[in-house]
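# Structure at a glance
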Amino acid sequence: MSVVPGSLGRRAHARPPQHPDRYKWTVLTNTTLGVFMAMMNTSVVIISLPAIFRGIHVNPLQASNIGLLLWLLQGYMVVTAVLVVTLGRIGDLFGRVRMYNAGFAVFSLGSIALALSPVTGPTGALVLIGLRIVQGIGGALLMANSMAILTDAFPVSERGMALGINIVAGISGSFLGLLVGGVLADVDWRLVFLVSVPFGVAGTVWAYLKLKDTGLRSPARIDWWGNASFAIGLVLLMVGLTYGLMPYGGHSMGWTNPAVLTELLGGVSVLAMFVWIESRVAEPMFHLGLFRIRAFLGAGSANLLANMGRGGLQFMLILWLQGIWLPLHGYSYASTPLWSGIYLVPMSIGYLLSGPLAGRLSDRLGQRWFSTVGMLGAAVTFVALLFVPVDFPYPEFALLVLANGVFTGLFSAPNTTTMMNAVPPRQRGAASGMRATFMNSGFVLSISLFFSLMIVGLAATLPHSMAAGLIGQGVPADVAHRVAALPPVGTLFAAFLGYNPIGTLLGHQVLTHIGAAHAATVTGKSFFPALVAGPFHHGLEVAFTASAILCTAAGLASWWAGDEQHSETTRRSGADDRAAVDVDEAEAILGAPAAAVEELQTEGQSARSLAGQIGVKGEQR
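These numbers come from a predicted model, not from an experiment.

Rules and cut-offs
- Residues numbered from 1 in each chain as written.
- Predicted model: local features only at pLDDT ≥ 70, side-chain atom pairs only at ≥ 80, totals over all residues.
- Heavy atoms only, no water.
- Helix = DSSP H or I, 4+ residues; strand = E, 2+ residues; numbered from the N terminus.
- Buried < 20%, exposed > 50% of the residue type's maximum accessible area, 1.4 Å probe, protein only.
- Contact = heavy atoms within 4.5 Å.
- Areas by Shrake-Rupley, 256 points an atom, 1.4 Å probe, with all protein chains shown as cover.
- Expected span 1.5 Å × (residues − 1).
- Bend = angle between axes of the 7 residues up to and from the residue.
- Salt bridge = Lys/Arg side-chain N within 4 Å of Asp/Glu carboxyl O.
- Axes fitted to C-alpha atoms, helices over the stretch in contact; angles between N-to-C directions.
- Parallel < 35°, antiparallel > 145°, perpendicular 65-115°, else oblique.
- Left-handed = near helix turned anticlockwise from the far one by under 90°.
- Nonpolar A, V, L, I, M, F, W, Y, C, P; charged D, E, K, R; others polar.
- pLDDT = per-residue confidence, 0-100.
- Phe/Tyr/Trp six-rings, centres within 6.5 Å; stacked < 30°, edge-to-face > 60°.
- Lys NZ or Arg CZ within 6 Å of the ring centre and 35° of its normal.
- Arc of directions from axis to C-beta.
- Patch = residues over 30% accessible without salt bridge, like charges linked within 9 Å, V, L, I, M, F, W, Y side chains within 5 Å.
- Core = buried A, V, L, I, M, F, W, Y, C linked by side-chain atoms within 4.5 Å.

### Quick notes on the overall build of the protein
Of the regular secondary structure elements, the protein holds 25 helices and 0 strands. The buried share among the 621 residues of the protein stands at 61%. Across the protein, every contact between residues at least 6 apart in sequence was considered, and the portion connecting residues at least 24 apart equals 84%. Summed over all atoms, the accessible surface of the protein reaches about 22800 Å², with 67% contributed by carbon and sulfur.

In structure tokens form, the structure reads like this:
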């Protein structure tokens, strides 16, 4: 009996690189750059929004412009959340490296266009939002395929370390984006977008020349109905969540707005249709059978819950620092974006310290303990933040955000390793995309959740505090009550953007009426922060309590997921799935690089026996 190479089907395999050890480090370095750049752009704009709106001459606190503010803030994350699964599946079919390279190019072009945009006013804001969506498409291509490319290149025994470094770079990018955005926006808002261009261009050329597809690819038709229903459903859901934050009909938020309710219910209905389609189509975009794998389901649930719990942390801390703490300590409102990024550096340090170590150790000791302890520890830090006063001593605050970064680092790499190890090789692109969807959807849900909880907290106590404070400074009672009755979302965004809204809300005529001394007081650095400190802390207590609960749930899901790997979990997902995976893996042995054989040997498979069995079946046919 003989087996002719290539006779076991027509699945395409790229020629393996000649130096696999050197190649895997090339893959790690390039994908780390790509993920760092994509994730940095989720936060670099957050801290730069005041400078961007000043640069295009738009008042973000004007009621008609709040929608522009929200979409410039969230548009990039919404697009990446919607597209990563689809683009990951397309990478499975047509080549993960090809899609990844396209991501670098699209991202770079979007960044150049953002930096050079000449349009100002509300139209200019719409142009920036559109270009951020283009940038988001590039980011989705990068995030959807980078994890799968890494998993293809590294054997199981080193995968946690590689994924750990990559994930640490990504999350660190989102943290360091706050600092980079603060520094660059202080010079020129266009630099916020321009900073990515050199890295994007270099990464595009480097990836095109050096990266090769080494993973399993299967010729198949694209599941158009599945892709369309998933994208439409998720877009409707994200749009509803975004506009739910805006005031409507005398209410502080828009959750009673018929349009918002229609979007939310429509999104859920279309996503239910997506599940129905995927369970019946011959070649689905995403194999729902993967959710029968306990490790994948548990780790994916933990990923979503963790990002919902800690995704809004950046926003809450920025609100806290820019709106209250920094002005109370003498910093001008114009300088608060830069300094809030600087004061949050300990969080990045904690993540950088623990992330790579957790990834490396989890290769030897398993992922369960690290991911579980990471999330439970993060929950403890949120509880501890409840007891920190609004005008806190900085060392105490720095220690807590450092600890939060350490525990987040313990969770991230082991969680991703559990998800990627749990799936068959031919599904890694889709699994990587689903992981990125969990992460980005969790962030968007977290922002909506945290802002909603904060607005509820402010609405309960802020009107009385603001009216009493303004009347105490000589503001006429009718004016004070009118200003205090305005939706608290404006006050919230003022704190978030580092604005003092009192002068704008009262107007020149009222400020002249109350006299120079009182006018100087209400528009000074301390009046507004002192006014909102109590109500704001009440909102923080509600938000951090929700974070602690979500992180605890993520820790429990991580423990339930365990440490199972693909060879074990696929046997539990059904005989048909196991047979299909066996064929794929055996063909990989005959035509794929040595890394695939090493993976099977690590998982206890007999490569020669499996290939021989398929060869016998081929001769019998």
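On we go.
### Focus: helix 11 (residues 313-328)
Between its terminal C-alpha atoms helix 11 stretches 21 Å, which fits the 22 Å expected from 16 residues at 1.5 Å a residue. Along helix 11, the largest kink reaches about 40° and is centred on Leu321. Extensive coverage of helix 11 is indicated by the burial of 15 of its 16 residues. Positioned one or two residues after helix 11, Gly330 has a phi angle of 90°, which is positive.

### Considering the pattern of salt bridges
Here the structure, examined in full by the defined rule, presents 1 salt bridge. We note a salt bridge from Arg96 to Asp152, for which the minimum N-O separation is 2.5 Å. Residue Arg96 is located in helix 3 (residues 96-116), and its partner Asp152 is located in helix 4 (residues 121-153); the two are separated by 56 residues in the primary sequence. Accessibility assignment for this pair places Arg96 and Asp152 in one class, buried.

### What to know about the packing of helix 8 (residues 224-243) against helix 9 (residues 258-278)
Relative to each other, helix 8 and helix 9 sit at 155°, their axes nearing to 7 Å. One finds that helix 8 runs roughly antiparallel with respect to helix 9. The element helix 8 and its partner helix 9 pack so that their crossing is left-handed.

### Comments concerning the packing of helix 11 against helix 21 (residues 527-561)
For the pair helix 11 and helix 21, the least separation of the axes is 10 Å and the interaxial angle reads 160°. Accordingly, the angle class assigned to the pair helix 11 and helix 21 is roughly antiparallel. Considering only the axes of helix 11 and helix 21, their crossing is left-handed. Residue-level contacts link Leu313, Met316, Leu317, Leu319, Trp320, Gly323, Ile324, Pro327 and Leu328 of helix 11 to Phe528, Pro529, Ala530, Val532, Ala533, Phe536, Leu540, Ala543 and Phe544 of helix 21. Looking at the contact of helix 11 with helix 21 residue by residue, the classes come out as 17 nonpolar, 1 polar and no charged.

### Things to note about the environment of Ala561
Relative to the elements of secondary structure, Ala561 occurs in helix 21. Exposure remark for Ala561: the relative accessible area of 3% places this residue in the buried category. Excluding anything up to four places from it in sequence, Ala561 contacts Arg294, Ala295, Gly298 and Ala299.

### Some thoughts on the confidence of the model for the protein
Per-residue confidence for the protein gives a mean pLDDT of 77; residues scoring 70 or more make up 85%. Counting contacts from residues 1-16, a segment whose pLDDT is below 50, to residues more than four positions away or on other chains yields 28 contacts. Residue range residues 566-621 is modelled with pLDDT below 50. Its contacts to residues more than four positions away, or to other chains, number 81 contacts.

### Here's the deal with the packing of aromatic side chains
Applying the stated criterion across every chain yields a total of 20 aromatic pairs. Both rings, one in Trp189 and one in Phe193, keep their centres 6.3 Å apart while their planes meet at 85°; by these two values the pair is edge-to-face. This pair shows no difference in class: Trp189 is buried, exactly as Phe193 is. The residue whose ring lies beneath Arg368 is Trp559, and the NZ or CZ to ring-centre distance is 4.3 Å.

### Digging into the side chain of Asn101
Of note, Asn101 is situated in helix 3. Since its relative accessible area comes to 13%, Asn101 is described here as buried. Setting aside chain neighbours within four positions, we find Asn101 in contact with Thr204, Ala207, Tyr208 and Leu211.

### What to know about the environment of Val479
Of note, Val479 is situated in helix 17 (residues 477-484). With 27 residues separating them in the primary sequence, Val479 and Leu506 have C-alpha atoms 7.8 Å apart. Every residue in contact with Val479, bar those within four places of it in the chain, is listed here: Leu506 and Val510.

### Some points on helix 7 (residues 196-210)
For helix 7, spanning 15 residues, the distance from its first C-alpha to its last is 21 Å, which sits close to the expected 21 Å at 1.5 Å a residue. Buried within helix 7 we find Ser196, Val197, Gly200, Gly203, Thr204 and Ala207. End-on view of helix 7: buried residues confined to an arc of 130°, all on one side of the axis. Pointing more than 90 degrees away from the buried face of helix 7 are the exposed residues Pro198 and Leu209.

### Some details on a nonpolar patch on the surface
Among the surface-exposed residues, Val201, Val205, Tyr208 and Leu209 lie close enough to one another that they form a single nonpolar patch of about 430 Å² accessible area. Summarising the element assignment, Tyr208 is placed in helix 7.

### Considerations on unusual backbone geometry
Outside of glycine, negative phi angles account for most residues, and trans bonds account for most peptide bonds. Unlike most non-glycine residues, His57 shows phi in positive territory, near 60°. Summarising the element assignment, His57 is placed in the loop between helix 1 (20-55) and helix 2 (66-94). His57 sits in the exposed class, given a relative accessible area of 63%.

### So, the nonpolar core
In this structure, Phe296, Met316, Trp320 and Leu506 are the most contacted members of the largest nonpolar core, which totals 173 residues. Take this core: its biggest share by element is 18 residues, from helix 16 (residues 428-472). Dropping the residues within four chain positions of it, Met316 is found in contact with Phe450, Phe451, Met454, Phe536, Leu540, Ala543 and Phe544.

### So, the side chain of Thr372
Inspection of the secondary structure assignment puts Thr372 in helix 14 (residues 368-385). Those residues in contact with Thr372 that lie beyond four places of it in its chain are Gly555, Ser558 and Trp559.

### A short note on the environment of Phe450
Here Phe450 shows up in helix 16. Phe450 gets classed as buried once you look at its relative accessible area, which sits at 1%. Separated by 141 residues in the primary sequence, Phe450 and Gly309 have C-alpha atoms spaced 9.1 Å apart. If near-sequence neighbours (up to four positions away) are discounted, Phe450 is found in contact with Met308, Gly309, Gly312, Leu313, Met316, Ala543 and Ser547.

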